[in-house]
There are 4 protein chains.
Amino acid sequence: MGIAVIYGSSRRNGNSEQLAKRLVEGFEVDHIHLTEHHIEPIKDYRHSEKEPYPDDDYRSVIERVLAQDRLVFATPIYWYGASGLTKTFIDRWSQSLRENKDEFLAKLRGKSAWVIGIGDDEPQLKGIPLIQQFQYIFEYTGTSFEGYILGKANRPGDILEDKFALASVEEIRVKWREALN
Amino acid sequence: MGIAVIYGSSRRNGNSEQLAKRLVEGFEVDHIHLTEHHIEPIKDYRHSEKEPYPDDDYRSVIERVLAQDRLVFATPIYWYGASGLTKTFIDRWSQSLRENKDEFLAKLRGKSAWVIGIGDDEPQLKGIPLIQQFQYIFEYTGTSFEGYILGKANRPGDILEDKFALASVEEIRVKWREALN
Amino acid sequence: MGIAVIYGSSRRNGNSEQLAKRLVEGFEVDHIHLTEHHIEPIKDYRHSEKEPYPDDDYRSVIERVLAQDRLVFATPIYWYGASGLTKTFIDRWSQSLRENKDEFLAKLRGKSAWVIGIGDDEPQLKGIPLIQQFQYIFEYTGTSFEGYILGKANRPGDILEDKFALASVEEIRVKWREALN
Amino acid sequence: MGIAVIYGSSRRNGNSEQLAKRLVEGFEVDHIHLTEHHIEPIKDYRHSEKEPYPDDDYRSVIERVLAQDRLVFATPIYWYGASGLTKTFIDRWSQSLRENKDEFLAKLRGKSAWVIGIGDDEPQLKGIPLIQQFQYIFEYTGTSFEGYILGKANRPGDILEDKFALASVEEIRVKWREALN
């Protein structure tokens, strides 16, 4: 099994996508662009009659995510957090919890995760709450949070000149290669 | 001018709504339930030809928000952050920045803001990244971040038995009343 | 067994002390003022020959702490963190880990803890890293982190007019009284 | 003018020291090892008669710090924060504020700062509160917080095998060299 990259940008080929692609190049990858799928906000049925959940792309997307061993969330930093696309997708995990909690958590528990957040307003400082949020998410699901990259970029392509981000990418790739052997 | 409450729950009459209503009772209020409006994810046109933004409810909602002096964001804590509805709405502020940055920021600069986040998994600790995210948002917009309430609740109505949350509500109401005189 | 209050201020009768005393009034308490004890910085002997640890008041103070069930850390917020007195005391826990790790952790594991941090520069926002630091500390020691109060005060006595802090104090006292019965 | 490195470890030649030395090698540096100086905890005289401050090494150390343009705080992560030696030194800045606020802040305002924190318990996640604390400190003093390195190490020398930390070091050195020309 391989890597699922969950792209949270509304724009194709932006900086978070470019860095994520550099990260996973040559590995077995399923590229999941949330902007190409229709995923509605969560309905909170915890305390009401169970109405039907939206008939949209959530189930097919989460199945692709759960089919891989490693998860990479690649999101632009919008307003000091993950993109709304990313957050709306994760909110829907509550539906999976409600429909099949034990199986859902059992699948996430075995996985490893990385987060890439790219922004232009001091991302290494102001992207910290985003990382802490993912820290709590993975703590809850039992997923191993292996690392993150907070990169600085504004114009398309900027990120490929961020030596710090590229060094982080290379370090993760070395670990992944070692795990193959 | 009065208070705009921006409700981020997908469920009516949940705990975050109940606490916010207790907070603003008797004041001049515009109640804005995001779940009753259609707001699409932001399109990122910063580095491309400017295509039309979605023709949805964003403009009418943001105008109602900007028409008031005080902003109260009332959101359930979903996955250790603001709800996707809330985040998607705030992401769209980038559209306002692009369409009319100076005027948009000038309006937000004069306002005061409060955040209510209600969750059931140690909200006073694990709701902290949510607060820090809003801290950076208001720092950017120049809005005065006056306070927040992280309350604990699970079943509907729980929050009205959280003495700590109620005391916080009362303290804010006292300040608002004093400001009236 | 009762409550150990660990006062971290260098000044007697300051705001953090006043609020902590209000919190524990009427309960069985051991008041520990770090400023009245001599505690040296930790020596890091993890990777060297074990030299003698400082012959100071650390052992007697930590024994008083470990003798109680509930711990209240009451510190002024100095430079956005716990006071140096408080931090230096906690650093010395590494000595206890080295001398008798299992017994030390077993004792801390059974306890509950609260943190009071009082400052004058937006403590509810800028005191957050202090709380997160204690969160990790108690996670490591297995101590149950029950709650915290970030109060605003500058001049002596200010804190007793902070309704929010007083409401928090009262809520904790109610829980403690219930636990007595 | 050059670089002041403020070493916060109680141990010489530990991982934080080794990484900091790699960082500044070849530049004009004043190496300040706090463990070799005697610095007492701050006395809080804000609300009492001004008694004499401790007659210790604080003044000579802070003068060496203020004489340089760039500050590097190199501290082991003890209990998820800066070492007590580091914190106690920074607490004493309150003395400088009291003795000569305008001059003290004017000097810090012109400087740039970096923080190195080395620990062995998930430093990239659990070292975050330490970084946020420094963020607020430098925001207050007007010092430009240019970057940080959270490195993982346990045994002496480990840090020199942390490719991520070494890449960060190299990136900073490149910037410093460019500034020379």
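Just so it is clear, the model here is predicted, and its values are computed rather than measured.

A.B. asks: Looking at this model, I keep getting lost on the overall build of chain A. Mind explaining?
C.D. replies: Looking only at helices and strands, chain A has 7 helices and 5 strands in total. Taken from the N to the C terminus, the helices and strands of chain A come in the order β-α-β-α-β-α-α-β-α-α-β-α. The principal-axis extent of the C-alpha atoms belonging to chain A is close to 50 × 40 × 25 Å. By the burial criterion, 61% of the 181 residues in chain A qualify as buried. The contacts of chain A with a sequence gap of at least 6 include a subset with a gap of at least 24, amounting to 78%.

A.B. asks: It is not clear to me how the interface of chain B and chain C should be interpreted in this structure. Could you clarify?
C.D. replies: It is common to give the size of an interface as the accessible area lost on bringing the parts into contact. Contacts between the two partners involve 15 residues from chain B, matched on the other side by 15 residues from chain C. Three residues, Leu125, Tyr148 and Phe164 of chain B, lead the burial of chain B against chain C; their summed loss comes to 37% of the area buried on that side. Where chain B meets chain C, there are 0 salt bridges. Top element by residues in the side of chain B that touches chain C is helix α7 (residues 163-180) of chain B. It accounts for 6 residues.

A.B. asks: For this particular structure, what's the right way to read the relation of the copies chain B and chain C?
C.D. replies: Put simply, the two copies of the chain differ by a rotation about an axis and a shift along that axis. Overlaying chain B with chain C gives an RMSD of 0.0 Å, the required rotation being 180° about an axis along which the chain moves by 0.0 Å. Such a combination of rotation and displacement between the chain copies is what one expects of a two-fold axis. Taking the C-alpha atom as reference, chain B places Ala167 of chain B closest to the rotation axis, 3.0 Å from it.

A.B. asks: Sorry, what's going on with the environment of Arg173 of chain A here?
C.D. replies: Residue and element names in this part refer to chain A. Its place among the elements puts Arg173 in helix α7 (residues 163-180). The class for Arg173 is buried, based on a relative accessible area of 12%. Note: C-alpha distance between Arg173 and Val24 (149 residues apart in sequence) is 7.6 Å. Not counting chain neighbours up to four residues away, the residues in contact with Arg173 comprise Arg22, Leu23, Val24, Glu25 and Phe27. In this structure the side chain of Arg173 is engaged in a polar contact, spanning 3.2 Å, whose partner is the backbone oxygen of Arg22.

A.B. asks: Explain the sheet that holds strand β2 (residues 29-33) of chain C here, please?
C.D. replies: Adjacent strands of a sheet form backbone hydrogen bonds with each other and so pair up, either parallel or antiparallel. Residues and elements named next belong to chain C. Reading across from one edge, β2-β1-β3-β4-β5 is the order of the 5 strands in this open sheet, with parallel pairing throughout. Strand pairing shows two members of the sheet lacking a second neighbour, β2 and β5 (144-152), which therefore form its edges. Adjacent strand axes in the sheet meet at a mean angle of 15° when their direction is disregarded. Sheet topology places strand β1 (residues 3-7) next to strand β3 (residues 70-76); 5 bridges connect them, and they run parallel. Within β3, the residue paired with Ala4 across the bridge is Leu71.

A.B. asks: What is the right way to read the packing of helix α6 (residues 128-141) of chain A against helix α6 (residues 128-141) of chain D from this model?
C.D. replies: If you want to describe how two helices pack, look at the angle between their axes and the distance between the axes. At a minimum axis distance of 12 Å, the contact between α6 of chain A and α6 of chain D shows a crossing angle of 160°. Viewed along their axes, α6 of chain A and α6 of chain D adopt a mutual orientation that is roughly antiparallel. Classified by chirality, the crossing of α6 of chain D by α6 of chain A is left-handed. Counting all contacts with α6 of chain A, which are made through Ile128, Ile131 and Gln132 of chain A, the residues of α6 of chain D involved are Ile128, Ile131 and Gln132 of chain D. Classifying every residue of the contact of α6 of chain A with α6 of chain D gives 4 nonpolar, 2 polar and no charged.

A.B. asks: I'm lost on helix α3 (residues 84-91) of chain B in this one. Help?
C.D. replies: Where burial is concerned, most of α3 of chain B is hidden: 8 out of the 8 residues are buried. The inward-facing, buried residues of α3 of chain B abut α3 (84-91) of chain A together with β1 (3-7), α2 (58-66), β3 (70-76), α4 (93-109) and α6 (128-141) of chain B.

A.B. asks: How do you make sense of the environment of Tyr80 of chain C when you look at a structure like this?
C.D. replies: Note on placement: Tyr80 of chain C falls in the loop between β3 and α3 (84-91). Considered as a pair, Tyr80 of chain C and Ile149 of chain C are 69 residues apart in the sequence and their alpha carbons are 15 Å apart. Aside from chain neighbours lying at most four places away, what touches Tyr80 of chain C is Asp121, Lys126 and Leu130 of chain C together with Gln133, Tyr136, Ile137 and Tyr140 of chain D.

A.B. asks: Which parts of the structure should I look at to understand the sheet that holds strand β4 (residues 112-119) of chain B?
C.D. replies: Residue and element names in this part refer to chain B. Ordered by their spatial adjacency, 5 strands build an open sheet running β2-β1-β3-β4-β5, and the pairing between neighbours is parallel. The open sheet is flanked by β2 (29-33) and β5 (144-152), the only strands paired with a single partner. Sheet twist, expressed as the average angle between the axes of neighbouring strands with direction ignored, equals 15°. In this sheet, β5 lies alongside β4 in parallel orientation, the contact comprising 8 bridges.

A.B. asks: Where do I start with the packing of aromatic side chains in this structure?
C.D. replies: Residue and element names in this part refer to chain A. In this structure the tally under the stated criterion is 58 aromatic pairs over all chains. When the centroid spacing of 5.4 Å and the interplanar angle of 85° are considered together, the rings of Phe27 and Trp176 count as edge-to-face. Of this pair, Phe27 sits in the loop between α1 (15-24) and β2 (29-33) while Trp176 is found in helix α7, placing the two residues 149 residues apart along the sequence. You'll find Phe27 and Trp176 in the same group, each marked buried.

A.B. asks: What should I look at first to understand the interface of chain B and chain A in this one?
C.D. replies: With 38 residues of chain B in contact, the opposing surface of chain A contributes 38 residues. At the surface where chain B touches chain A, the tally comes to 2 salt bridges. In this structure, the salt-bridge partner of Lys126 of chain B is Glu139 of chain A, at a minimum N-O distance of 3.7 Å. Applying the counting rule to chain B against chain A returns 14 residue pairs in polar contact (both at pLDDT 80 or more). When contributions to the side of chain B that touches chain A are tallied by element, the ones reaching two or more residues are α3, α4, α5 (123-126) and α6 of chain B.

A.B. asks: Whenever I open this one, the side chain of Lys126 of chain C confuses me. Can you help?
C.D. replies: Summarising the element assignment, Lys126 of chain C is placed in helix α5 (residues 123-126). Ignoring anything within four residues of it in the chain, the contact list for Lys126 of chain C reads Tyr80 and Asp121 of chain C together with Tyr136 and Glu139 of chain D.

A.B. asks: Is there a simple way to think about α2 of chain B in this case?
C.D. replies: One turn of an α-helix holds 3.6 residues; hence residues three or four places apart share an orientation. Residues and elements named next belong to chain B. Every buried residue belonging to α2 is among Tyr58, Val61, Ile62, Val65 and Leu66, and all of these are buried. For α2, the buried positions fall inside an angular range of 135° around the axis, keeping them on one side. Those residues of α2 that are buried are in contact with β1, β2, β3, α3 and α4.

A.B. asks: Just checking my understanding: could you explain the pattern of salt bridges for this structure?
C.D. replies: Note that side chains of opposite charge can pair when their charged atoms are close. All told, the structure shown has 55 salt bridges over all chains when counted by the stated rule. Its salt-bridge partner being Asp121 of chain B, residue Lys126 of chain B comes within 3.5 Å of it at the nearest N-O pair. Look at Lys126 of chain B and you get buried, because its relative accessible area is 10%. In this structure Asp121 of chain B comes out as partly exposed when scored by relative accessible area, which is 27%. Across the pair Arg155 of chain D and Asp158 of chain D runs a salt bridge, and its minimum N-O distance is 3.9 Å. Among the charged side chains, a network of salt bridges with common partners joins Arg12, Glu17, Lys21 and Glu36 of chain A.

A.B. asks: Before we go on, may I ask you to explain the side chain of Lys87 of chain B in this structure?
C.D. replies: Residue and element names in this part refer to chain B. With respect to the secondary-structure elements, Lys87 resides in helix α3. For Lys87, a relative accessible area of 6% corresponds to the buried category. A distance of 2.6 Å separates the side chain of Lys87 from the side chain of Asp91, its partner in a polar contact.

A.B. asks: I would appreciate a short explanation of the confidence of the model for chain A in the present structure.
C.D. replies: Do not read the predicted coordinates in detail wherever pLDDT is low. In this model, chain A carries an average pLDDT of 94, and 97% of its residues clear a pLDDT of 70 or more. Across the whole predicted complex the pTM is 0.92, and at the interface the ipTM reaches 0.94.

A.B. asks: It is not clear to me how unusual backbone geometry should be interpreted in this structure. Could you clarify?
C.D. replies: Backbone phi values are negative for most residues with the exception of glycine, while trans is the configuration of most peptide bonds. For Tyr80 of chain A, which is not glycine, the phi torsion reads 65° and is therefore positive. A relative accessible area of 8% means that Tyr80 of chain A is categorised as buried.

Rules used in this analysis
Residues numbered from 1 in each chain as written. Chains lettered and ligands numbered in written order. Predicted model: local features only at pLDDT ≥ 70, side-chain atom pairs only at ≥ 80, totals over all residues. Heavy atoms only, no water. Helix = DSSP H or I, 4+ residues; strand = E, 2+ residues; numbered from the N terminus. Buried < 20%, exposed > 50% of the residue type's maximum accessible area, 1.4 Å probe, protein only. Contact = heavy atoms within 4.5 Å. Buried area = accessible area lost by both parts, 1.4 Å probe. Salt bridge = Lys/Arg side-chain N within 4 Å of Asp/Glu carboxyl O. Least-squares fit on C-alpha atoms with pLDDT ≥ 70 in both. Polar contact = N/O pair within 3.5 Å; in protein donor to acceptor, adjacent residues only side chain to side chain. Pairing = 2+ DSSP bridges. Axes fitted to C-alpha atoms, helices over the stretch in contact; angles between N-to-C directions. Parallel < 35°, antiparallel > 145°, perpendicular 65-115°, else oblique. Left-handed = near helix turned anticlockwise from the far one by under 90°. Nonpolar A, V, L, I, M, F, W, Y, C, P; charged D, E, K, R; others polar. Phe/Tyr/Trp six-rings, centres within 6.5 Å; stacked < 30°, edge-to-face > 60°. Arc of directions from axis to C-beta. pLDDT = per-residue confidence, 0-100.

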